[in-house]
Amino acid sequence: MSSSSSSSLYRRLHGLFAQNHKVTVKLKTDNPKTTSLIKSIKPTSKLPPKQQLQTIVDNFKKSSESPEFRSHYGNYLTAIHLLGNNSSAIEDIFDHQKQYPEISNEFFVIRLILLYGTAKMHEQARKLFDEMPNLKCQQTVFSFNVLLEACIRAEKYDTVRELFRDLPEELSVVPDVVSYNTFIKALCKAGSLDYAVSVMDEMENQGIKPDKVTFNTLSKAYNESKKFSEAEDLWLLMQKKNVVADLGSYSFRLRVLVANNKVNEAIELFEEMGKKDIIPNAFCYNMMIKMYVDDRNWEEAKRWYDKMVENGRYPDNVTFEMLISFACDKDNLDFALELCKKAMDSKIHVHDATMQRVVNGLAEHSKLEEEKELGPNHLRDTG
DNA sequence: CTAGGGTTAG
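Per chain, the residues get numbers from 1 upward, laid out in the order the sequence is written. Lettering for chains starts from A, numbering for ligands starts from 1, and both go in the order in which the items are written. Predicted model: local features are reported for residues with pLDDT of at least 70 only, side-chain atom pairs are reported and counted for 80 or more only, and whole-chain, interface and lining totals are derived from all residues. The basis for every side-chain value is the complete set of heavy atoms in the structure, and neither hydrogens nor water enter the calculation.

## Quick notes on the overall build of chain A
Phase 1 of the analysis: Helix and strand content of chain A: 22 helices and 0 strands.
Phase 2 of the analysis: Here chain A holds 383 residues, and the buried ones make up 43% of them.
Phase 3 of the analysis: At a minimum sequence separation of 6, the contacts of chain A that also span at least 24 residues come to 61%.
Phase 4 of the analysis: Carbon together with sulfur atoms contributes 52% to the accessible area of chain A, which is approximately 21,200 Å² in total. Only DSSP runs of H or I with at least four residues qualify as helices, and only runs of E with at least two residues qualify as strands; both kinds are numbered from the N terminus onward. A 1.4 Å probe rolled over the protein chains alone gives each residue an accessible area, and that area as a share of the maximum for its type sets the label: buried under 20%, exposed over 50%, partly exposed in between. In this analysis, two residues are considered to be in contact whenever any of their non-hydrogen atoms come within 4.5 Å of each other. Note on areas: Shrake-Rupley, 1.4 Å probe, and residue coverage restricted to the protein chains presented here.

## Some remarks on the packing of aromatic side chains
Phase 1 of the analysis: Note on ring pairs: Phe, Tyr and Trp rings are taken, using the six-membered ring of Trp, and paired if centres are within 6.5 Å. Classes follow the plane angle, with under 30 degrees stacked, over 60 edge-to-face and the rest tilted. Counting across every chain of the model gives 16 aromatic pairs.
Phase 2 of the analysis: Centre to centre, the rings of F60 and F69 are 5.1 Å apart; their planes meet at 75°, and the pair counts as edge-to-face.
Phase 3 of the analysis: Given a relative accessible area of 0%, F60 falls into the buried group.
Phase 4 of the analysis: Here F69 falls in the buried class, since its relative accessible area comes to 0%.
Phase 5 of the analysis: When the ring of W235 is compared with that of Y250, the centres are 5.5 Å apart and the planes differ by 75°; the resulting orientation is edge-to-face. In this pair, W235 is assigned in helix α14 (residues 228–240) and Y250 in helix α15 (residues 247–259), connecting sequence segments 15 residues apart.

## Quick word on the pattern of salt bridges
Phase 1 of the analysis: Put simply, a salt bridge is a Lys or Arg side-chain nitrogen that is within 4 Å of an Asp or Glu carboxyl oxygen. A complete count under the given rule lists 21 salt bridges for this structure.
Phase 2 of the analysis: For the salt bridge of E155 with K120, the shortest nitrogen-to-oxygen distance reads 3.0 Å. Highlighted residues: E155 in the loop between α9 (141–153) and α10 (157–171) and K120 in the loop between α7 (106–118) and α8 (122–131), separated in sequence by 35 residues.
Phase 3 of the analysis: Residue classification places K120 among the partly exposed residues on the basis of a relative accessible area of 47%.
Phase 4 of the analysis: Between R126 and D130 there is a salt bridge, and its shortest N-O distance comes to 3.2 Å. Separated by 4 residues within a single helix, R126 and D130 lie in helix α8, roughly one turn from each other.
Phase 5 of the analysis: Judged by relative accessible area, R126 falls into the partly exposed class, the value being 29%.
Phase 6 of the analysis: Counted as one network, the salt bridges with shared partners bring together E91, D95, K98, K127 and E131.

## With respect to the UniProt feature "repeat: PPR" (unreviewed entry) in chain A
Phase 1 of the analysis: UniProt positions are given in the numbering used here, feature names are shortened, and annotations may be inferred rather than shown by experiment. Sequence positions flagged by UniProt for "repeat: PPR" (unreviewed entry) are, in local numbering, residues 176–210, 211–245, 246–280 and 281–315.
Phase 2 of the analysis: In residues 211–245, helix accounts for 74% and strand for 0%; the two terminal C-alpha atoms are 9 Å from one another.
Phase 3 of the analysis: A distance of 10 Å separates the end C-alpha atoms of residues 246–280, which is 74% helix and 0% strand.

## Focus on a negative patch on the surface
Phase 1 of the analysis: Patches in this entry comprise residues that are over 30% relatively accessible and not in a salt bridge; like charges within 9 Å are linked, as are nonpolar side chains (Val, Leu, Ile, Met, Phe, Trp, Tyr) within 5 Å. Note on charges: Lys and Arg go in the positive column, Asp and Glu in the negative column, and His and the chain ends are not counted at all. Positions of charges follow a simple convention, taking NZ of Lys, CZ of Arg, CG of Asp or CD of Glu. On the surface, D158, E162, D166, E169 and E170 cluster together to form a negatively charged patch.
Phase 2 of the analysis: If you trace the backbone, D158 turns up in helix α10.
Phase 3 of the analysis: Given a relative accessible area of 54%, D158 falls into the exposed group.

## Some details on the protein's contact with DNA strand B
Phase 1 of the analysis: Of all residues adjacent to DNA strand B, which total 30 residues, the nearest are F107, N181, K185, N216 and K290.
Phase 2 of the analysis: Counting of polar contacts relies on pairs of N or O atoms within 3.5 Å, with two restrictions inside protein: one atom must be capable of donating a hydrogen and the other of accepting it, and residues adjacent in sequence are counted only when both atoms are side-chain atoms. Contact between DNA strand B and D176: a base nitrogen at 3.3 Å from a side-chain N or O atom of the residue.
Phase 3 of the analysis: In the environment of DNA strand B, a base oxygen lies 3.2 Å from a nitrogen or oxygen atom belonging to the side chain of N286.
Phase 4 of the analysis: Among the secondary structure elements, those contributing two or more residues to the surface near DNA strand B are α7, α9, α11 (177–189), α13 (212–224), α15, α17 (282–294) and α19 (317–329).
Phase 5 of the analysis: Considering every element that reaches the surface near DNA strand B, the biggest residue donor is α9, with 5 residues.
Phase 6 of the analysis: For the surface near DNA strand B, the class distribution of residues is 11 nonpolar, 8 polar and 11 charged. When at least one non-hydrogen atom of a residue lies within 4 Å of a molecule or strand, that residue is treated as near it. Residue polarity is assigned by list, with Asp, Glu, Lys and Arg as charged and Ala, Val, Leu, Ile, Met, Phe, Trp, Tyr, Cys and Pro as nonpolar; anything else, Gly included, falls into the polar class.

## Considering α14
Phase 1 of the analysis: Expected helix span is taken as 1.5 Å per residue step, with the number of steps being one fewer than the number of residues. When the terminal C-alpha atoms of α14 are compared, their 19 Å separation across 13 residues agrees well with the 18 Å that a helix rising 1.5 Å per residue should span.
Phase 2 of the analysis: N242 sits one or two positions beyond α14 and adopts a positive phi of about 55°.

## What to know about α11
Phase 1 of the analysis: Look at α11: 18 Å from first C-alpha to last across 13 residues, which is about the 18 Å you get at 1.5 Å a residue.
Phase 2 of the analysis: Taken residue by residue, α11 has S179, Y180, N181, T182, F183, I184, A186, L187 and C188 as its buried positions.
Phase 3 of the analysis: In this fold, the buried residues of α11 make contact with α9, α10, α12 (193–205) and α13.
Phase 4 of the analysis: Where α11 begins, one side-chain oxygen reaches toward the backbone nitrogen of V178, 3.1 Å away; that side chain belongs to D176.
Phase 5 of the analysis: Directly beyond the C-terminal end of α11, a positive phi value near 90° is found at G191.

## Side note on the side chain of N223
Phase 1 of the analysis: Mapped onto the fold, N223 is located in helix α13.
Phase 2 of the analysis: Those residues within four positions of N223 in sequence are excluded, and the remaining contacts are F228, F252, R255 and V256.

## Quick look at the side chain of Q124
Phase 1 of the analysis: With respect to the helices and strands, the residue Q124 is situated in helix α8.
Phase 2 of the analysis: A distance of 3.4 Å separates the side chain of Q124 from the side chain of E91, its partner in a polar contact.
Phase 3 of the analysis: Setting aside residues up to four positions removed in sequence, Q124 forms contacts with E91 and Y116.

Take a look at the structure:
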């Protein structure tokens, strides 16, 4: 273990490559009906694309006769992915659902509205929403909120603004905290951060207290636009309003401190989490490690990694990327290799380029070992 | 998976 000869290094490299090629992607197919749906495109792959689509649509309609099939959200999501951007095919199979009794169940319709959003079909989402009374389906603040969310997924932020302003009055629906949070999210995504913050006051005027989701949504937006001092103010406001911070709130806060290299405050915050029984996740440990990696402080970065493992938080791809690169920088190839092996054992994907650095480093190292073994004469000849 | 927030590195 003490001195690694070149031959043992090469054995390790071979092991590394052998495992590296075993990366597989597993398709999520827990439902047998979904599997058959996916399989249905294969036999028809020689057909023109138009007929392939028709096969999927027909297959889906046929499967829809089973209540069991209709109860699985995943089937509808799979259909959307299979049909891609063919909106008329998606509309066709969703319209087909109107003949089944579930269409009078608000939660069933909610799924379809959300899926329309995922497929970026906000107009169809709106149409289905408007049809709810005719379909003998209850229309509450739940479906209103989902319609807003569908428009966000379709990236129609102006539509969210219009709906939020006009619909509640039209339908006598009273917006709740989720409605406001969704509205704020849309404003953040549209870049109207100042307006989004002002909606908090509007909420309170309506007697709705901003909650941790409100603060986390705004905090995320401030983070993304690098407005760290505003994020700081928001954190203070959150304490002032006695909104209890959760793991997400602490994570955003930690990110701000690390971005500004406030080492002591970051450590303090991390300890505060422990006192409040909030268990730091891999992200929190990654932030601490990143802080020291940026500082080029190998000892502390390694110490936080050890702490992460001791506390049973599994290192993820980000942990490995950061530490393997840093270990290579520090010429600590044994540790780099150890991390590579650990990543592969845990089936965590590390970029080829990062792996390559380790392999190159080891190859270089073993060449030097060989040259040492060959003696100083050889070195003199080449140098 | 019967509505809303969840970040890093490359």
